[in-house]
Amino acid sequence: MDILAGLNDAQKSAVETTRGPLLILAGAGSGKTKTLTHRIAHLLANESVWPNEILAVTFTNKAAREMRERLAQLTGQANTRGFMPWMGTFHGICVRLLRQDGDKIGIQANFVIYDEDDRQGLIKQAMKELSISSDQVKPRAVSSAISSAKNELIDPAEYAVTANYPFQQSVAKIYAKYEMMRKAAGALDFDDLLIETVRLFRESVEARNKYRTQFKHILIDEYQDTNAAQYNIVKMLVNDDHNICVVGDDWQSIYSWRGADFKNILNFERDFPGAKVVKLEQNYRSTAAILEAAHSVISKNVERTEKKLWTDAEAGAPVQVQGVYDEAEEAFAIASRINAQATIGARKYGEFAVLYRMNAQSYALERAFMQHRIPYQLVGGVRFYDRKEIKDVIAYLKLLFQPNDRMSFSRIVNVPTRGIGATSLEKFLLWQSNSGMDIISALINVEQTSTLQARAKNALAALGESLRSLQARIEAESNPSDIIEQLIESTGYRRYILDGTPQAEDREANLSVLVSDAKSFATLASFLEEVALMSSVDTASDEQKVTLMTLHAAKGLEFPVVFMVGMEDGLFPSSRALEEGPKQLEEERRLCYVGMTRAREELHLLYAQSRLQFGQRSYGSPSRFLEDMGHAVATMPSPSMQRHDDFTDFVMEYDIGDQVRSSQFGVGEIVDIDGMAVSVQFSTGVTKKLNVEYARLEKL
DNA sequence: CGGTTGCACTTTTTT
DNA sequence: AGTGCAACCG
């Protein structure tokens, strides 16, 4: 089997350069994953490297899975763990390292992983204990401040020193408290997984040397989206042979809001002197027309490397821009177009994707697709594992696995209702923390308390009993799926969700899915890990369904036909980016580039005159990115735009400063005009943005 | 203690 | 528009 067959010269060079640092600058659609996979296969087959000596880091679990499958195919081996190199996301790899060696820095092997919800819940509790009102300091903002601090490796003490503004001073206090409570619960949040690994390598020479020796070859995908903590992990893992290979494209860096810094890829040659650089510039994915349009957008960015992406492919159909009246018409236009091709068998539904800036934009599309009977799948949005009934059961499992996990306990203590309210819970937890027992032991011994009512005691003791017997099942190494089944029966959870409402059936079906999902895991630990780190974009693709997802989720994917919707200033680029300045605008532009380069044959860009946002109709103008494309695109006429142009003329009858009367709000003055929307300041003091089409204003 | 009702707030993007 | 949270009442 020739591993180099079917590769171009640049790709071959990347595969065969196995000694020393290697930087692969891979343009969109240049066969990056293929190159990486072949490189690993080459190491295994021709360079006598053992699988466990290779560490390959991908951006999503899905990417890791795909690479594993392709590698198995390429080497003719079964896709089994034993044969496979270490592959996974930074977070996944870190969990593995910390479970193994975390005890060296005081992390218990049975830590639980807190997701964003858990973290915000804990922050709220911390704020309560500190008597900080969530009116002035938003838990959400605190969470993001703590996350940024952690990703820059700033601990609570250091944060406090530089905290000048009142908000930062509040955050400093909450951050410290949060960390205390989190540690007491035996939990690590997403960011901890990374920074605790950094700490492990800093504080334990033994651990660091162990892995530096083990990993003879390290490969990192999507290197442009690594953050400071991840960068540190890489630096510390690379041994003196410097066999590190990173792949990335600064043009596709879209995660700076999460702490990613594409300077990491620009600085690679400085960090690893003598690095060889291979550029993959031939695009195998898109037509020339699509590539040209995408290029005309990205070239407006100032901060970027020079590249010349080229293709052998023919021009293909021109990129189409279409203006529509509103989000409903936008969705309708797409649905009709898809059905026109799908019903005659020209394309399968799975060949289409619709990309948008925000998850909320999926509503209108879903509605139209349902009306047109188009099968679709939503990637992201509300994840399966975010559903209430699933999170409840997971909370039970987390508590069983880590009996100090207060967050999970608080979530389930009264689910199903056991007559235990806030007061009883508080009393119990106070007693429990002073007793030195973990939560489950404390439940069993709850009769020793004096402060609780007999009724509450009985309920808590009963809960303790069923948890204890479940724990016994875990110790007997029962399959996670058996444990879940026993759990939903013995705790009364099944009876609880069958409440006679129409949703009861859905919930029960979801539980069944959970039970069957859990069947493929040997231990509770491995199942919980998968659940915690599973991202919403890790959904398997379905050939029979149109894919709907955010532009971010689309990274790394490709589709024959791509629709990008909501191409309006204020939405894409987002108003936030427009406010914050050129750096953010450039990131939005990269996001646009990423979206466009997902398309293989057809690319359609749509913008709407008006759009429902927060339940209010707002009016925007076409995205500046469409202007960037200039003549690289074809503009489609839209009949309804003509129709609605009449209204636009109508709007012009008003001017800023005009006095008007509204039957609803009284008399006021027009202070702003934006498309069909006029802002009126009424004599009552309130300012309303009104649609002249419906508001029936009377000009005075 | 628990359920209901009404209000306020949300919206970038995710491991 | 939908959801989460706080206050109120039974």
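Residues numbered from 1 in each chain as written. Chains lettered and ligands numbered in written order. Predicted model: local features only at pLDDT ≥ 70, side-chain atom pairs only at ≥ 80, totals over all residues. Heavy atoms only, no water.

Caption draft 1: The arrangement of the overall build of chain A in detail. Within chain A, the regular secondary structure consists of 30 helices and 22 strands. Over its C-alpha trace chain A gives a radius of gyration of 28 Å, about what one expects of a compact globule, namely 27 Å for 700 residues. Every one of the 700 residues in chain A was classed for burial, and the buried ones make up 54%. Contacts in chain A between residues at least 24 apart in sequence constitute 74% of all its contacts with a sequence separation of at least 6. (Helix = DSSP H or I, 4+ residues; strand = E, 2+ residues; numbered from the N terminus. Rg over C-alpha atoms; globule rule 2.2 N^0.38 Å. Buried < 20%, exposed > 50% of the residue type's maximum accessible area, 1.4 Å probe, protein only. Contact = heavy atoms within 4.5 Å.)

Caption draft 2: Representation of the packing of aromatic side chains within the structure. Overall, the coordinates contain 17 aromatic pairs when judged by the stated rule. Measuring from ring centre to ring centre gives 5.3 Å for Phe-572 and Phe-625, while their planes differ by 75°; the resulting arrangement is edge-to-face. Taken together, the residues Phe-572 in the loop between strand S13 (559–564) and helix H26 (575–580) and Phe-625 in helix H28 (residues 624–629) connect sequence positions 53 residues apart. For Phe-572, a relative accessible area of 1% puts it in the buried group. We note Arg-96 situated over the ring of Trp-86; from NZ or CZ to the ring centre the distance is 3.7 Å. Positioned above the aromatic ring of Phe-59 is the side chain of Lys-555, whose terminal nitrogen or guanidinium carbon lies 4.1 Å from the ring centre. (Phe/Tyr/Trp six-rings, centres within 6.5 Å; stacked < 30°, edge-to-face > 60°. Lys NZ or Arg CZ within 6 Å of the ring centre and 35° of its normal.)

Caption draft 3: Here's a closer look at the side chain of Asn-510. Structurally, Asn-510 can be placed in helix H24 (residues 504–518). If near-sequence neighbours (up to four positions away) are discounted, Asn-510 is found in contact with Phe-384, Arg-387, Glu-389 and Ile-390.

Caption draft 4: Up close: the sheet that holds strand S17 (residues 633–636). Read across the open sheet, the seven strands follow the order S11-S12-S10-S13-S14-S9-S17; overall the sheet is parallel. The outermost strands of the open sheet, each flanked by one partner alone, are strand S11 (376–378) and S17. Between one strand and the next, the sheet's axes are offset by a mean angle of 25°, whatever the strand orientation. Here five bridges tie strand S9 (residues 319–324) to strand S14 (residues 599–608), and the two strands are oriented parallel to one another. Counted as the bridge partner of Val-324 is Ala-608 from S14. (Pairing = 2+ DSSP bridges. Axes fitted to C-alpha atoms, helices over the stretch in contact; angles between N-to-C directions.)

Caption draft 5: Examining unusual backbone geometry more closely. A cis geometry characterises the amide bond from Val-415 onward to Pro-416, with omega recorded as 0°. Inspection of the secondary structure puts Pro-416 in the loop between helix H18 (406–412) and helix H19 (422–435). Positive phi outside glycine occurs at Ser-131, with the angle close to 55°. Mapped onto the elements, Ser-131 comes out in the loop between helix H5 (116–129) and helix H6 (139–151).

Caption draft 6: Region of interest: the environment of Leu-193. Take Leu-193: it is sitting in helix H9 (residues 190–203). By relative accessible area, which is 0% here, Leu-193 ends up buried. Taking C-alpha positions, Leu-193 is 5.8 Å from Cys-94, a pair spaced 99 residues apart along the chain. If we skip the residues at most four places from it in the chain, Leu-193 touches His-91, Cys-94, Val-95, Leu-98, Phe-111, Ile-113, Leu-188 and Leu-533.

Caption draft 7: Highlighting helix H8 (residues 166–184). Helix length check: H8, at 19 residues, gives a terminal C-alpha distance of 27 Å against a target of 27 Å (1.5 Å per residue), a fit within 8%. Listing the buried residues of H8 in full gives Ser-170, Val-171, Ala-172, Ile-174, Tyr-175, Lys-177, Tyr-178, Glu-179, Met-181 and Arg-182. Buried residues along H8 sit against H5, H6, helix H7 (156–162), strand S5 (187–189) and H9. Residue Gly-186 follows H8 closely and has a positive phi angle near 65°. (Expected span 1.5 Å × (residues − 1).)

Caption draft 8: Representation of the sheet that holds strand S6 (residues 217–220). With parallel pairing, the six strands of this open sheet are ordered in space as S3-S2-S6-S7-S1-S8. Of all the strands in the sheet, the pair left with one neighbour each is strand S3 (86–89) and strand S8 (276–280). The sheet shows a mean angle of 15° between the axes of neighbouring strands, taken without regard to direction. Here S6 pairs with strand S7 (residues 244–248) via three bridges, running parallel. Its bridge partner being in S7, Ile-220 is matched across the sheet by Val-246.

Read these as geometric descriptors, not functional statements.
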